[in-house]
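Summary of structural features
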Amino acid sequence: MPAKAVITAPVPTVQETAREMGVAKARVRQLRRLMTAIVEGRDGRVVRFLTRTTPAGPKRRVAKRKQTARS
Amino acid sequence: MASRRRRTGRRPRLPLNTAFVNVPYDPHYENLFIALIAGLSGFGLIPHATLEIPGSERRLNRIMGLLRRCRYSFHDLSRVELDATPPETPRFNMPFELGLAGALRQTLRRRHEWFVLEAKAHRLGKSLSDLGGTDELLHGGTPGGVLRALTNALARSRHRPTVAELEQIYADLVTAAGAIKKSLGTDSLYSARPFKELVVAARISARQRIASLGRRPRRRRRG
C-alpha cells in the first residue's frame, strides 16, 4: 500500500463516466437536471427531475402531430 | 501462429482512472458507501463495484475481471465483527478480495495500488497481521472520516479537491441517492442501476462543486 498515490489521469467528463458505467444519454440528461437543482438549492421535490420525461422539441412535436392526424 | 501473434501484440490500454470499491453491502454502511463514491469522484476516479456486473457469471470471475481493469482498489475491513444472525460468522469477503488485489499487484505487469480502510486504530494488526507495516486509512465509521482518509491517500497535481468540496459532493449525493432510489422503486443502493446512476450523479456534482474544474483555461493574448 503506497503512502500516497498521485493521480495523473485527467478528470473524466460526465459523458466518459456515463459511457464507462453504461448509463443512457437520456438518463444522464435527467440526472444533470436533478444535480443542477440540488447544487442550486432548489431541490424541494427532486424526484420530479428523474420521473418527468423531457419535453418534446419542435421536430418531435410536428412528427407526433402528423402521426395522430394519420391515425 | 495466431496465438503467438496475439501474445506478442500490444495489450489494450486500460483506463487509469478506475477504482475498485470493496465494501460491505449492508444498510448501515450506506452513508460511508456514498462518501466513498463522492470522494473518489472528487479525485477524478470512476468507482467500480462487483454489484454492477450481471449475475450470470461466477462471482469470483467477476471480482477478478473488475480488479484487473482497475488501477486502484479500496478495501474496507471495518466490518470484521461477527454478525447477529446464527450461526455467528465474520465476513471473509473483504479480506479475501484484498488478498486477490495484493496477489494481482505482485503478478500483473500493470501497476495496481490498493488501500485498506478501517474504523478503529490498531485493529488491522490484530485481525490481519500479515499486513504488518501497512498503514490503514482510518475513517472512524463516519462519512467525514472517509473523505479525510481519501484526502490523505490520494493526491492530484491539478484539480486537487479540498475536504470542504468533497463534503459538498457528499451532501449532494445523499439527496440524489434518495431521489434515485425513489425513482427506481428500490430501497437499497446495492444493485447495479442505482450504483451506476449514483456514480454519474457524483461526476456531475464534482464538475460543479470543484472550483478548478469549472474554471475555463485562460486564453493566451496575441501580440
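This write-up is about the structure you can find in this document. Owing to the predicted nature of the structure, the values given are computational and were not obtained by experimental measurement.

What chain A contains, in helices and strands, is four helices and one strand. Overall, chain A shows an N-to-C arrangement of helices and strands of β-α-α-α-α. Within chain A, buried positions represent 31% of all 71 residues. Surface summary for chain A: the accessible area is close to 4,900 Å², and the carbon and sulfur share equals 53%.

On to the packing of helix H2 (residues 25–39) of chain A against helix H7 (residues 163–184) of chain B. Packing of H2 of chain A against H7 of chain B brings their axes to within 10 Å, and their N-to-C directions diverge by 135 degrees. As judged from the angle between their axes, H2 of chain A and H7 of chain B are oblique. Considering the relative orientation of H2 of chain A and H7 of chain B, their crossing is right-handed. Contact residues: H2 of chain A offers Arg 27, Leu 31, Leu 34, Met 35, Ile 38 and Val 39 of chain A, while H7 of chain B offers Asp 172, Thr 175, Ala 176, Ala 179, Ile 180, Ser 183 and Leu 184 of chain B. Here the contact of H2 of chain A with H7 of chain B is built from residues that sort into nine nonpolar, two polar and two charged.

Following the sequence through the fold, His 122 of chain B ends up in the loop between strand S4 (113–118) and helix H5 (123–127). Residues His 122 of chain B and Ser 212 of chain B, spaced 90 residues apart in sequence, show a C-alpha to C-alpha distance of 37 Å.

Here the focus is a positive patch on the surface. A surface patch of like charges, here positive, comprises Arg 19, Lys 25, Arg 29, Arg 60 and Lys 64 of chain A. Of all the elements in the fold, those that place two or more residues in the positive patch are H2 and helix H4 (58–70) of chain A.

As a further point, take the pattern of salt bridges. Using the criterion set out here, one finds 10 salt bridges over all chains in the structure. The salt bridge involving Arg 91 of chain B is made with Asp 26 of chain B; its shortest N-O contact spans 3.6 Å. In this pair, Arg 91 of chain B sits in the loop between strand S3 (72–76) and helix H4 (93–107) while Asp 26 of chain B sits in the loop between strand S1 (18–22) and helix H2 (30–42), placing the two residues 65 residues apart along the sequence. A relative accessible area of 36% places Arg 91 of chain B in the partly exposed class. Note that Arg 209 of chain B and Asp 172 of chain B form a salt bridge whose closest N and O atoms lie 2.8 Å from each other. Of this pair, Arg 209 of chain B sits in helix H8 (residues 192–209) while Asp 172 of chain B sits in helix H7, and the two are 37 residues apart along the sequence. Overlapping salt bridges bring together Arg 27 of chain A together with Arg 193 and Glu 197 of chain B as one network.

Further remarks concern the interface of chain B and chain A. Each partner contributes residues to the interface: chain B has 52 residues there, and chain A has 32 residues. Across the chain B/chain A interface, buried area totals approximately 3,500 Å², and carbon plus sulfur atoms make up 69% of it. Counting the surface chain B buries against chain A, the share from its top three residues, Arg 156, Val 200 and Ile 204 of chain B, is 15%. Inspection of the region where chain B meets chain A yields two salt bridges. A salt bridge links Arg 69 of chain B to Glu 20 of chain A; its shortest N-O distance comes to 3.2 Å.

What follows is about the nonpolar core. Core analysis: the biggest nonpolar cluster contains 60 residues, and Leu 40, Phe 74 and Leu 154 of chain B have the highest contact counts within it. Residues in contact with Leu 40 of chain B, not counting those within four places in the same chain, are Ala 19, Val 21, Leu 45, Pro 47, Phe 74, Leu 150 and Leu 154 of chain B.

The next point concerns the environment of Ala 3 of chain A. Examined against the element boundaries, Ala 3 of chain A turns out to sit in the segment before strand S1 (5–7). Under the relative-accessibility criterion, Ala 3 of chain A is labelled exposed at 76%. Separated by 11 residues in the primary sequence, Ala 3 of chain A and Val 14 of chain A place their C-alpha atoms 29 Å from one another. Every residue in contact with Ala 3 of chain A, bar those within four places of it in the chain, is listed here: Asn 152 and Ala 153 of chain B.

The next subject is the sheet that holds strand S2 (residues 46–48) of chain B. Sheets are built from strands paired through backbone hydrogen bonds, the pairs being either parallel or antiparallel. Residues and elements named next belong to chain B. Strand order in this open sheet of five strands is S2-S1-S3-S4-S5, and the pairing throughout is parallel. Both edges of this open sheet fall to S2 and strand S5 (137–138), since each of them pairs with a single strand only. Note: S4 against S5, two bridges, orientation parallel. Its bridge partner being in S5, Leu 117 is matched across the sheet by Leu 137. In the packing of H2 onto the sheet, contacts are made with S1, S2, S3 and S4, and the angle to S1 comes to roughly 165 degrees. Along the sheet, H4 contacts S1, S3 and S4; its crossing angle with S3, the most-contacted strand, is approximately 155 degrees.

About the criteria used
The residue numbering used here restarts from 1 in each chain and proceeds along that chain's sequence as written. By the order in which they are written, chains take letters starting at A while ligands take numbers starting at 1. Confidence filtering applies because this is a predicted model: local features only for residues at pLDDT of at least 70, side-chain atom pairs given and counted only at 80 or more, and all residues used for totals across whole chains, interfaces and linings. The basis for the side-chain values is all heavy atoms of the structure; hydrogens and waters are excluded. Note on conventions: DSSP H or I runs of at least 4 residues are helices, E runs of at least 2 residues are strands, and numbering of each starts at the N terminus. Partly exposed residues are those whose accessible area sits between 20% and 50% of the maximum for their type, while under 20% is buried and over 50% is exposed, using a 1.4 Å probe and protein chains only. The Shrake-Rupley method, run with a 1.4 Å probe sphere, supplies the accessible areas, and residue values consider only the shown protein chains as cover. In this analysis, axes come from line fits to C-alpha atoms, helices being fitted only over the stretch in contact, and the angle between any two N-to-C directions falls in the range 0 to 180 degrees. The scheme is simple: roughly parallel for angles under 35 degrees, roughly antiparallel for over 145, roughly perpendicular for 65 to 115, oblique for anything else. By definition, any crossing whose near helix is turned counterclockwise from its far helix by less than a right angle is left-handed, and any crossing with a clockwise turn is right-handed. Only heavy atoms enter the contact rule, under which two residues are in contact if any of them lie within 4.5 Å. Residues were grouped as follows: Ala, Val, Leu, Ile, Met, Phe, Trp, Tyr, Cys and Pro as nonpolar; Asp, Glu, Lys and Arg as charged; and all remaining residues, including Gly, as polar. Like charges within 9 Å and nonpolar side chains (Val, Leu, Ile, Met, Phe, Trp, Tyr) within 5 Å are joined into patches, using only residues over 30% in relative accessible area that form no salt bridge. For this analysis, a salt bridge means a side-chain nitrogen from Lys or Arg found within 4 Å of a carboxyl oxygen belonging to Asp or Glu. We treat Lys and Arg as the positive residues and Asp and Glu as the negative residues; His and chain ends play no part in the count. A charged residue contributes its charge at one atom only: NZ of Lys, CZ of Arg, CG of Asp or CD of Glu. Values labelled buried area give the accessible surface lost by two parts on being combined, using a 1.4 Å probe and summing over both. What is meant by a nonpolar core is a set of buried Ala, Val, Leu, Ile, Met, Phe, Trp, Tyr and Cys residues, joined one to another through side-chain atoms within 4.5 Å. Strand pairing is assigned whenever DSSP identifies at least 2 bridges connecting the two strands.

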